[in-house]
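Per-entry structural report
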Amino acid sequence: MSGGQEVVFGQNASQTYHAFRYTDALGLDRDEVIDAIGADLRPHLPLPFPAPDNAPFIRQVVVNGISLRYHAYPLSGDW
Amino acid sequence: MSEASSQRKLGPLRNLREDELGIIKKMLSGTALAGKFGSQISTMQVQDMPDGGMGSIKFFSGRPRSELEYGTEIAEAAFRDADGVPVSLSLSVDKTGDLFELDVFKADGSPLVQYPGLDQVQIIERHGQLGFPPPRS
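As the structure is a prediction and not an experimental result, all values here were calculated from the model. (Residues numbered from 1 in each chain as written. Chains lettered and ligands numbered in written order. Predicted model: local features only at pLDDT ≥ 70, side-chain atom pairs only at ≥ 80, totals over all residues.)

Some points on helix H2 (residues 18–29) of chain B
All names here are of chain B. Stated precisely, the cut-off is as follows: Put simply, DSSP marks the helices as runs of H or I at least four residues long and the strands as runs of E at least two long, and each gets a number from the N terminus on. Each helix should span, by expectation, one fewer than its residue count multiplied by 1.5 Å. To assign burial, the other C-beta atoms lying within 10 Å of each residue's own C-beta are counted, with C-beta atoms placed from the backbone; 20 or more indicates buried, 12 or fewer indicates exposed, and intermediate counts indicate partly exposed. Note that the arc is computed from the directions linking the helix axis to the C-beta atoms.
The first and last C-alpha atoms of H2 sit 16 Å apart over 12 residues, in line with the 16 Å expected at 1.5 Å per residue. Within H2, burial applies to Ile23, Ile24, Met27 and Leu28. Looking straight down H2, one finds that the buried residues subtend no more than 135° of arc, so they occupy a single side. Among the exposed residues of H2, those oriented more than 90 degrees off its buried face are Glu18 and Ser29.

Topic: the confidence of the model for chain A
Rule in force here: On a range of 0 to 100, pLDDT expresses the predictor's confidence in each residue.
Of the residues in chain A, 91% reach a pLDDT of 70 or more, and the chain-wide mean stands at 91. When pLDDT is averaged over each helix and strand of chain A, the minimum, 93, is found for helix H1 (residues 13–25) of chain A and the maximum, 98, for strand S1 (residues 57–63) of chain A.

Comments concerning the interface of chain A and chain B
Worth spelling out the cut-off: What counts as a contact here is a pair of residues whose C-beta atoms, placed from the backbone, lie within 7 Å. Amino acids are sorted into nonpolar (Ala, Val, Leu, Ile, Met, Phe, Trp, Tyr, Cys and Pro), charged (Asp, Glu, Lys and Arg) and polar (every other residue, Gly among them).
Taken together, the contact between chain A and chain B spans 25 residues of the former and 27 residues of the latter. Elements supplying a minimum of two residues to the side of chain A that touches chain B: H1 and S1 of chain A. Split into classes, the residues belonging to the side of chain A that touches chain B amount to 13 nonpolar, 9 polar and 3 charged.

Here we look at the pairing of strand S2 (residues 45–48) of chain B
Residue and element names in this part refer to chain B. Stated formally: A strand pair is defined by DSSP finding two or more bridges across the two strands.
Inspection of the sheet shows strand S1 (residues 14–15) paired to S2 by 2 bridges, in the antiparallel sense. What sits directly across from Asn15, in S2, is Gln45. Where S2 and strand S3 (residues 57–59) come together, 3 bridges link them in antiparallel fashion. Residue pairing in the sheet places Asp48 in a bridge with Ile57 of S3.

Encoded structure:
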């Protein structure tokens with residue numbers, strides 16, 4: 001996540017690859033994963049900043065019948 | 001090598017560094033697997049993962065393992081890096097129960113500056129809850 005609590009999935013090619021490495025291996029479409037996570041996360045925004053115990057916010061979504069767990073960090077309290 | 005393939009390339013085999021070893025031992029210490037891995041962890045080899053320098057490593061078990069062999073997370077920890085940015089650690093095993101990855105997720109995706117002292121590394125226990133971890137009692 002970035003300033004304004006816009007949802008982002010890595011800020012360069014390596015980070016993006018790392019973020020999607022499991023869903024890519026599962027053959028899931030990145031856009032479908034992004035849409036599912038965005039829809040699930042949006043009602044919980046803004047996440048409190050700083051993150052309690054420095055730990056990420058964790059949720060689960062289902063994409064094409066596959067349950068996925070995702071981690072999200074707030075980078076600022078802006079909203 | 002193409003840019004895309006370089007993003008997927010694991011680093012060369014190497015031994016665990018002392019700071020990594022200390023953190024992994026701390027993460028294992030609260031699990032039922034501490035005994036299983038306690039004696040072998042210091043001799044295990046790992047490969048740096050292409051995560052932009054956050055510090056994720058993949059354990060080598062004698063052959064390459066794909067992401068599809070991921071089993072489950074066995075321990076989670078977190079700390080604040082020297083630049084103040086939170087960092088999450090997730091230790092996992094593969095489907096056969098062998099150590100698989102230490103995934104390092106720095107909140108802003110920037111390279112890890114350094115591991116802190118072990119007393120600064122907080123073991124995270126979620127007790128099956130989603131969201132942020134429950135307050136410690």
